[in-house]
Amino acid sequence: MQVVYNFKELNKALKIESNKTIGFVPTMGALHDGHLSLVRLSMQKSDFTVVSIFINPTQFDNPSDFINYPVTLENDVSLLKKCNIDLVFIPEFKELYQNEKKINIPLNGLDQVLEGNHRKGHFNGVIRVLNIFFQLIKPRYVFFGEKDYQQYLIVNLLAENHFNNIEIILCPTIRLQTGLAMSSRNIKLNLEQQKIASKIFQTLNYCKKHFSFSKINELEKICFDKLKDFSDPEYFEIRNSITLSKEIKKSEKYRAFVAIKLSNVRLIDNLAIN
Ligand code: AMP
């Protein structure tokens, strides 16, 4: 496994046979089994797997959230080495953004709701960094977790509009036994708080169990109130799985989306409910 830190080293390492497919897993580090599941899928599907570790400042709306984001670089590299991937890219902000060519893509309002509404500019930053990564790495497949489902929808639009050759692959959310979705931010929770945070998944399952098209608003409120009992919820919303609209179309698929703060740690999750 090679670890590279700049464009020159990256380009050299990417000189592989032209018939080989590159699988790419972008991450912000503090790796856990959720990330590693993406890495394994990439290794199964592609000939050459690249993982990036980069805490992208342009996607943070809150400077203290950026500064406090967990960093475990040494451990990350050693985990990836054990997976036997081909290449780790750990770029520096300055070089990554120095020749950025900004792009515009029609997001059809996908960036205006849920995370987009609660973290202003977040998806703009995500698109900026992935646009740079996709141009540099030229992957055939890019792997994203269902845990960040809204991000997956938006990245799909990026690929459709600008990177025809790239297939975006959605990978299932990996959870602890308690149901809590694995997240780099979980490191900041003590064991007791992790146990409490498992109520997020319980609430999503409650929503799934009680879902009916006639009671969406009522169910959202019940679930929001359940979250309030143990945390500071930002939203609990039921939305169309493709458009993220609230409009009811009984033939279509819906998901519940949630964001909470638990002693200043922000956690998100979602679940398909019909
Ligand atoms: P992050 O490092 O949080 O930016 O995440 C990098 C990638 O890992 C994203 O595609 C996430 O959706 C994915 N990911 C994060 N947590 C999980 C999880 N628990 N299960 C599956 N994928 C995940």
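Parameters at a glance
- Residues numbered from 1 in each chain as written.
- Predicted model: local features only at pLDDT ≥ 70, side-chain atom pairs only at ≥ 80, totals over all residues.
- Heavy atoms only, no water.
- Near = heavy atom within 4 Å.
- Polar contact = N/O pair within 3.5 Å; in protein donor to acceptor, adjacent residues only side chain to side chain.
- Areas by Shrake-Rupley, 256 points an atom, 1.4 Å probe, with all protein chains shown as cover.
- Helix = DSSP H or I, 4+ residues; strand = E, 2+ residues; numbered from the N terminus.
- Nonpolar A, V, L, I, M, F, W, Y, C, P; charged D, E, K, R; others polar.
- 1 Å grid on protein atoms, 1.4 Å probe; cavity = no way out; pocket = protein on both sides within 12 Å on 5 of 7 lines; lining within 4 Å.
- Points joined across faces, edges and corners; volume = space filled by probe spheres on them.

Glancing now at the site of the ligand. M28, H35, D148, I174 and M182 are the nearest of the 16 residues found near the ligand. The separation between an oxygen atom of the ligand and a polar side-chain atom of H35 is 2.9 Å. Contact distances for the ligand include 2.8 Å between a nitrogen atom and a backbone N or O atom of I174. With the chains in place, 92% of the 490 Å² that the ligand exposes on its own is no longer accessible. Looking at the shell around the ligand, the elements that each hand over two or more residues are β2 (22–27), α2 (33–45) and β5 (141–145). No other element matches α2, which puts 3 residues into the shell around the ligand. Residues that form the shell around the ligand fall into these classes: 8 nonpolar, 6 polar and 2 charged.

As a further point, take the layout of surface pockets. There is about 310 Å³ of room inside the largest pocket. Taken together, 16 residues form the lining of the largest pocket, with N62, D65, R185, N264 and R266 sitting closest to its centre. Those elements that place two or more of their residues in the lining of the largest pocket are α3 (63–67) and β9 (265–272). One number sums up the size of the second largest pocket: a volume of about 200 Å³. At the level of secondary structure, the elements contributing two or more residues to the lining of the second largest pocket comprise α6 (114–118) and α7 (122–137). Top contributing element to the lining of the second largest pocket by residue count: α7, with 4 residues.

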